[in-house]
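Working through the structure, step by step
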Protein chains: 2
Amino acid sequence: MKMEKRAIILFSSGLDSTTVLYYAMSKGYKCSCLIFDYGQKHKKEILSAVKIADSAKAEYSVIKINLPWSNDALTSKNKEIPVHKHLTKTVPSTYVPGRNTLFLSYALSFAQSINVRAIFIGVNSVDFSNYPDCTPKFIEAYNNVLKVLKTKIVIHAPLLNLNKAQIIKLGTKLNVPYKDTWTCYNGCEKPCMECDSCKLRAKGFKEAGINDPALD
Amino acid sequence: MKMEKRAIILFSSGLDSTTVLYYAMSKGYKCSCLIFDYGQKHKKEILSAVKIADSAKAEYSVIKINLPWSNDALTSKNKEIPVHKHLTKTVPSTYVPGRNTLFLSYALSFAQSINVRAIFIGVNSVDFSNYPDCTPKFIEAYNNVLKVLKTKIVIHAPLLNLNKAQIIKLGTKLNVPYKDTWTCYNGCEKPCMECDSCKLRAKGFKEAGINDPALD
């Protein structure tokens with residue numbers, strides 16, 4: 001009997017992870033999405049993630065992560081989401097310490113428990129916010145952890161070396177519902193267009209020569 | 001001003017992590033214990049951990065980890081804690097996939113958020129249950145993750161190459177309150193003396209020539 005190809009997708013409803021979900025499906029994987037509620041200031045991305053997973057007929061679980069010590073701008077009420085004229089070359093205040101490491105560790109626990117060998121993550125390190133947990137070296141180091149744990153699990157990061165325009169072009173071919181994705185750090189009715197995340201997205205759509213359907 | 005030496009201790013109230021807490025205190029660290037409620041079948045170890053941290057005047061947080069997929073013998077109601085005549089050479093059913101990786105990832109998040117550079121973990125790989133997340137290679141691989149994340153955080157595993165008797169002798173010198181520690185996988189009034197964890201502990205006290213005060 002041929003084993004079913006299954007994958008776990010770290011899924012936030014952002015442009016990148018939604019592209020990765022559709023990419024994995026296009027490669028024949030049956031996907032289980034892990035959606036994390038880690039204390040983000042707004043729940044909009046969680047609701048969007050559930051909606052997209054549902055419409056893609058992918059399984060999903062929402063996992064609550066409690067980080068009582070957090071003091072970054074994405075999760076702490078005392079810190080505002082910064083507005084930078086240009087992207088900083090240092091790590092910005094929106095970096096959540098340990099975030100992708102935690103997400104991957106939950107995915108490892110899930111994958112090993114249900115005997116799945118593929119974990120997909122949407123990190124990319126070209127047009128990105130300078131987060132140290134989105135780099136090729138980080139993915140390589142974490143894959144080495146999976147190896148010394150004697151698992152056969154591998155992290156796949158198919159967007160790692162693509163720029164935002166290339167990601168959008170790939171996703172457009174895969175019919176990614178960009179209209180339903182949520183990228184903005186703020187949880188207002190419409191994307192703020194001022195945070196780093198909105199700016200990177202807008203730059204990508206502009207360079208790809210495609211209109212962002214989420215702004216219609 | 002001299003910076004206060006602070007450390008985060010992964011703390012379960014077991015023999016090993018309690019020895020590590022006292023070891024770190026003896027080295028001058030002000031300790032913050034992370035106690036994890038990850039769905040263990042009994043809460044006895046959590047209550048013991050709080051009691052020990054309190055009496056050692058160490059700070060602590062109890063962190064709830066939700067693993068809805070878990071199917072190991074420590075957390076799943078459908079699986080009994082195994083009784084082995086001899087320790088298995090394969091990974092036993094009590095192995096919780098991803099457990100130490102998750103614990104270290106929470107510790108990373110905490111340490112980076114509050115600017116602490118030392119994480120202590122009580123793993124040892126001599127008299128142990130053959131868990132792949134208790135080996136020198138695992139600690140080395142995780143330390144490499146911390147390095148590529150550009151943190152200055154280091155995992156300390158001072159018991160890594162000690163056998164159980166050596167750990168108990170070290171702890172006895174450090175006045176570790178072994179009477180209050182909880183090692184047993186089962187949550188009965190007294191340790192079961194049948195599970196792997198009880199057997200390893202009993203072997204250690206016997207080899208050290210010390211009576212286990214928890215059995216008085």
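The structure this text deals with has already been given above.
Residues numbered from 1 in each chain as written. Chains lettered and ligands numbered in written order. Predicted model: local features only at pLDDT ≥ 70, side-chain atom pairs only at ≥ 80, totals over all residues.

Buried together is how nonpolar side chains tend to be arranged in soluble globular proteins. Residues A:Ile9, A:Ala107, B:Ile9 and B:Ala107 are the most contacted members of the largest nonpolar core, which totals 108 residues. In contact with B:Ile9, other than residues within four places in its own chain, are B:Ser17, B:Val20, B:Leu21, B:Ala24, B:Cys31, B:Cys33 and B:Phe120. (Core = buried A, V, L, I, M, F, W, Y, C linked by C-beta atoms within 7 Å. Buried ≥ 20, exposed ≤ 12 C-beta atoms within 10 Å, placed from the backbone. Contact = placed C-beta atoms within 7 Å.)

What follows concerns the relation of the copies chain A and chain B. Once chain A has been moved 0.0 Å along the axis and rotated by 180°, it coincides with chain B to within an RMSD of 0.0 Å. Such a combination of turn and shift is consistent with a two-fold rotation axis. Closest approach to the rotation axis among the C-alpha atoms of chain A is made by A:Leu102, whose C-alpha sits 3.2 Å away. The overlap is high: 100% of the interface residues of chain A also sit at the interface in chain B, so the same surface is used on both sides. (Least-squares fit on C-alpha atoms with pLDDT ≥ 70 in both.)

The interface of chain A with chain B comprises 32 residues on the first partner and 32 residues on the second. For the side of chain A that touches chain B, the secondary structure elements donating two or more residues are strand E3 (59-64), helix H3 (99-114) and helix H4 (136-148) of chain A. A total of ten residues in the side of chain A that touches chain B trace back to one element, the largest contributor, which is H3(A). Classifying every residue of the side of chain A that touches chain B gives 17 nonpolar, eleven polar and four charged. (Helix = DSSP H or I, 4+ residues; strand = E, 2+ residues; numbered from the N terminus. Nonpolar A, V, L, I, M, F, W, Y, C, P; charged D, E, K, R; others polar.)

The next point concerns helix H3 (residues 99-114) of chain B. All names here are of chain B. A rise of 1.5 Å per residue sets the reference length of H3, with its 16 residues, at 22 Å; its end C-alpha atoms lie 23 Å apart and thus fit the reference within 8%. Most of H3 is tucked away, with 14 of its 16 residues classed as buried. Just downstream of H3, Asn 115 is the residue with a positive phi angle, here 65°. (Expected span 1.5 Å × (residues − 1).)

Turning our eyes to something else, we now look at the packing of H3(A) against H3(B). H3(B) packs onto H3(A) with a crossing angle of 170° between their chain directions and a minimal axis gap of 9 Å. In terms of axis orientation, H3(A) runs roughly antiparallel to H3(B). Across from A:Thr101, A:Leu102, A:Ser105, A:Tyr106, A:Leu108 and A:Ser109 in H3(A), the residues of H3(B) making contact are B:Thr101, B:Leu102, B:Ser105, B:Tyr106, B:Leu108 and B:Ser109. Partitioning the contact of H3(A) with H3(B) into residue classes produces six nonpolar, six polar and no charged. (Axes fitted to C-alpha atoms, helices over the stretch in contact; angles between N-to-C directions. Parallel < 35°, antiparallel > 145°, perpendicular 65-115°, else oblique.)

Residue and element names in this part refer to chain A. Relative to the helices and strands, Thr 94 is located in the loop between E3 and H3. Judged by the 19 C-beta atoms lying within 10 Å of it, Thr 94 falls in the partly exposed class. Not counting residues within four places of it along the chain, the set of residues in contact with Thr 94 comprises Asp 72, Ala 73, Leu 74, Ile 81, Pro 82, Ser 129, Tyr 185 and Asp 196.

On to the environment of B:Ala208. Residue and element names in this part refer to chain B. Among the secondary structure elements, Ala 208 is positioned in helix H6 (residues 196-208). Each C-alpha atom, one on Ala 208 and one on Ile 167, is 9.0 Å from the other, the two residues being 41 residues apart in sequence. Not counting the four nearest positions on each side in its chain, Ala 208 is found in contact with Ala 165, Ile 168 and Lys 169.

Two pairing modes exist for strands in a sheet, parallel and antiparallel, and in both the strands are linked by backbone hydrogen bonds. All names here are of chain B. Pairing is parallel across the open sheet formed by five strands, whose spatial order is E3-E2-E1-E4-E5. Strand pairing shows two members of the sheet lacking a second neighbour, strand E3 (59-64) and strand E5 (154-156), which therefore form its edges. If you compare each strand with its neighbour and ignore which way they point, the axes differ by 25° on average. The sheet contact formed by strand E4 (residues 118-120) and E5 spans three bridges and is parallel. Note on E5: the bridge partner recorded for Ile 119 is Ile 155. H3 rests against strand E1 (6-10), strand E2 (30-37), E3, E4 and E5 of the sheet, and its axis sits at about 160° to E1. (Pairing = 2+ DSSP bridges.)

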